[in-house]
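For reference, the chains in residue letters:
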Amino acid sequence: MNAPPIEIRDLHKYFGELEVLRGISTTIQQGEVVCLLGPSGSGKSTLLRCVNRLEEATAGSILIEGEDITDEDADVDGLRTRIGMVFQQFNLFPHLTVLRNLRIAQRKVLGRPTDEATRIAEEMLERVGLSDKIDEHPSRLSGGQQQRVAIARALCMNPDMMLFDEPTSALDPELIGEVLDVMRELAEAGMTMLVVTHEMGFALQVADRVIFMDEGVIVEEGPPNEVLRNPAHDRTKRFLRAIEVE
Amino acid sequence: MASEAVLRQRRRQRLGRGAMYGLLGLVVAAMVFFADWEQIRKSFFNVEIIKDMFPEVVTVGARNTIIYTALAFALGIVWALGLALMKLSSVAPYRWFATAYIELFRGLPALITIILVGFGLPLAFGWSIPGGTLGKGAIGLGIVAAAYMAETIRAGIQAVPRGQMEAARSLGMSSGTAMTYIMLPQAFRIIIPPLTNELVLLIKDTSLLFVLGSTPQSKELTKFARDVMAAKVNATPLTVVAVMYLLITLPLTYLVRKLERKAEAEKR
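Small disclaimer: the values here were computed from a predicted structure and weren't measured. (Residues numbered from 1 in each chain as written. Chains lettered and ligands numbered in written order. Predicted model: local features only at pLDDT ≥ 70, side-chain atom pairs only at ≥ 80, totals over all residues. Heavy atoms only, no water.)

Novice: Break down the overall build of chain A for me, with residues and values.
Specialist: A tally of regular secondary structure across chain A gives nine helices and 10 strands. Seen along its three principal axes, the alpha-carbon backbone of chain A occupies a region of about 55 × 45 × 40 Å. Counting only residues that meet the buried cut, chain A has 55% of its 246 residues in that class. Long-range pairs, those at least 24 residues apart, make up 65% of the contacts in chain A with a sequence separation of at least 6. (Helix = DSSP H or I, 4+ residues; strand = E, 2+ residues; numbered from the N terminus. Buried < 20%, exposed > 50% of the residue type's maximum accessible area, 1.4 Å probe, protein only. Contact = heavy atoms within 4.5 Å.)

Novice: Could you give an account of the environment of A:Arg229, naming the residues involved and the relevant values?
Specialist: Residue and element names in this part refer to chain A. Relative to the helices and strands, arginine 229 is located in helix α8 (residues 224–229). Not counting chain neighbours up to four residues away, the residues in contact with arginine 229 comprise Leu204 and Pro224. Looking at arginine 229, its side chain comes within polar contact range of the side chain of asparagine 225, at 3.0 Å. (Polar contact = N/O pair within 3.5 Å; in protein donor to acceptor, adjacent residues only side chain to side chain.)

Novice: For the packing of aromatic side chains, give the residues involved together with the corresponding values.
Specialist: Residues and elements named next belong to chain B. As enumerated under the stated definition, the model contains four aromatic pairs over all chains in all. A centroid spacing of 4.7 Å and a plane angle of 50° characterise the contact between tyrosine 101 and phenylalanine 105, whose relative ring orientation is tilted. Taken together, the residues span about one helical turn, with tyrosine 101 and phenylalanine 105 both in helix α5 (residues 92–107) at a distance of four residues. For the pair tyrosine 101 and phenylalanine 105, one class covers both residues: buried. Among the aromatic residues, those joined into a ring-pair cluster are Trp79, Phe97, Tyr101 and Phe105. Here arginine 226 stacks its cationic end above the ring of phenylalanine 210, 5.0 Å away from the centre of that ring. (Phe/Tyr/Trp six-rings, centres within 6.5 Å; stacked < 30°, edge-to-face > 60°. Lys NZ or Arg CZ within 6 Å of the ring centre and 35° of its normal.)

Novice: Summarise the pattern of salt bridges; cite the residues concerned and give the values.
Specialist: Summed over the entire model, instances satisfying the criterion amount to 25 salt bridges over all chains. Here A:Arg209 and A:Glu221 are joined by a salt bridge, their closest N and O atoms 2.5 Å apart. Of this pair, A:Arg209 sits in strand β9 (residues 209–214) while A:Glu221 sits in strand β10 (residues 217–222); the two residues are 12 residues apart in sequence, bridging distant segments of the chain. Judged by its relative accessible area of 34%, A:Glu221 is partly exposed. Across the pair B:Arg154 and B:Glu151 runs a salt bridge whose closest N-O atoms are separated by 3.2 Å. Here the residue B:Arg154 and the residue B:Glu151 both occupy positions in helix α7 (residues 132–159), the gap between them amounting to three residues, near one helical turn. The class for B:Arg154 is buried, based on a relative accessible area of 18%. (Salt bridge = Lys/Arg side-chain N within 4 Å of Asp/Glu carboxyl O.)

Novice: Can you break down the sheet that holds strand β6 (residues 83–86) of chain A residue by residue, with the values?
Specialist: Residues and elements named next belong to chain A. With mixed pairing, six strands are arranged side by side in an open sheet as β6-β7-β8-β3-β9-β10. Bordering the open sheet on either side are β6 and β10, each of which pairs with just one other strand. Averaged over all pairs of adjacent strands, the angle between strand axes in this sheet comes to 15°, irrespective of strand direction. In the sheet, β6 pairs with strand β7 (residues 161–165) via four bridges, with the strands oriented parallel. The residue bridging valine 86 from the neighbouring strand is phenylalanine 164, located in β7. On top of the sheet, helix α1 (residues 44–51) reaches β3 (33–37), β6, β7, β8 (192–196) and β9; it is set at about 145° to β7, its chief contact. Sitting on the sheet, helix α6 (residues 173–188) is in contact with β3, β7 and β8, with an inclination near 145° to β8. (Pairing = 2+ DSSP bridges. Axes fitted to C-alpha atoms, helices over the stretch in contact; angles between N-to-C directions.)

Novice: I'd like a description of α7(B), backed by residues and values.
Specialist: Residues and elements named next belong to chain B. The terminal C-alpha atoms of α7, which comprises 28 residues, lie 40 Å apart, in line with the 40 Å expected from a rise of 1.5 Å per residue. Within α7, the axis deviates most sharply at alanine 146, by approximately 30°. With 20 of 28 residues buried, α7 lies mostly within the body of the structure. (Expected span 1.5 Å × (residues − 1). Bend = angle between axes of the 7 residues up to and from the residue.)

Novice: Run through the layout of surface pockets, naming residues and quoting values.
Specialist: Residues and elements named next belong to chain B. The calculated volume of the second largest pocket comes to roughly 530 Å³. The wall of the second largest pocket is formed by 17 residues, among which Leu88, Ile157, Met165, Met179 and Met183 lie closest to the centre. For the lining of the second largest pocket, the secondary structure elements donating two or more residues are α7, α8 (162–170) and α9 (175–205). When grouped by side-chain class, the residues that make up the lining of the second largest pocket number nine nonpolar, five polar and three charged. (1 Å grid on protein atoms, 1.4 Å probe; cavity = no way out; pocket = protein on both sides within 12 Å on 5 of 7 lines; lining within 4 Å. Points joined across faces, edges and corners; volume = space filled by probe spheres on them. Nonpolar A, V, L, I, M, F, W, Y, C, P; charged D, E, K, R; others polar.)

Novice: Kindly report on helix α4 (residues 56–87) of chain B, identifying the contributing residues and their values.
Specialist: An ideal rise of 1.5 Å per residue puts 46 Å on 32 residues; α4(B) measures up with 44 Å between its terminal C-alpha atoms. Along its length, α4(B) shows its largest kink, about 25°, at B:Arg63.

Below you can see the structure in the form of structure tokens.
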């Protein structure tokens, strides 16, 4: 029996005195697309960053395909190769060309030979529609293009699941669509995805489930149609009203 | 009314500037009339002595200055990188050691460190660093240079955005791999101008190596000049080596300016 990609058990996280995650438990199934929603400061980005241990959980555990990544002896680097991560600020390596951005972790982490790494990089770049930018430096690309390259870079590692931390929040409005399109295609191809986002349209159309968080707890979760159209909790209603006004 | 006030102010400014030019003219005229040009020529620009100094001032003096600098810089930068990484380490004793080292050797005169390496160690342990002036000098200067460069490198690493490390780690890179391929290449781009400045300082500091004594073949520029000065009882060698130092340092400072301007342009 295959363990689920991500299983979060009673996760707590403190920043000093402040408890930002107060007992989060949820399981992400194979091929499931889950959107994490909630006001800023609700802990959703922290939760996402705990999943690949960019933040250390204070208590509780996170099982990646059955292996506890919060364990002291966990092979964190090895587990991370199975978890693709996309950041709000793209975080492409500015001193490397697009091709080298896509190749370096394949070479240095997976030990793939250069020609194989190049072939995979070209394939992934085609998937995000940026084959013609292969020799550019990131600074020559628009924000939307940089984010698509960042997605391709994560895909080059053949991850079993992808984490997106507000992938469109740093983009000009007219560039958001191209990134969401790539993410939609990825979801349709069956990728397991955990997405922190404010894009309600994307959550409605693409997500299998949305999780609404506030003040470090899961307030409610369920199919996007129910949670977004007919929320059960006042806090969810207030949040949805507030972003509609925007 | 107002315009009259402006006019008056302008006139006052013009008068002030005129006075400054006048004073400058007087000083220059006084120098021209009263300075003993013949004496200056004989003491600082004696053609015979200049001719006598070549080619050794280049083949021995400048050559040794460059060799001492290069070796000290090479030792210093490797050691500095180690110190910088220690200073950023999550292991507290490493940080303490790096901090203590950096504060100690930046706080002491370089001359003290050189004397310590050259004479202190042999006195204390009856053992001396091999390689004569070159070995002792390069290590003494390298120890000091490392303390300065470590802070520069640390600042460079910290100037690379945090997200770069996070992106590298989330691709499965170990912290060492991420440091080597992602952080350091970007850090060094940032710190090439300040590091070149350290190199210029180091070139000038090789003049301190005279304390270690020297053979005719191991003199650097300053020692070379002092020996010729003593032999000829004349100050001309100072002029010659000053020009030699400038020939080495000015292209480097020019390079730093160019690199800084290039870095500025890339930021935009």
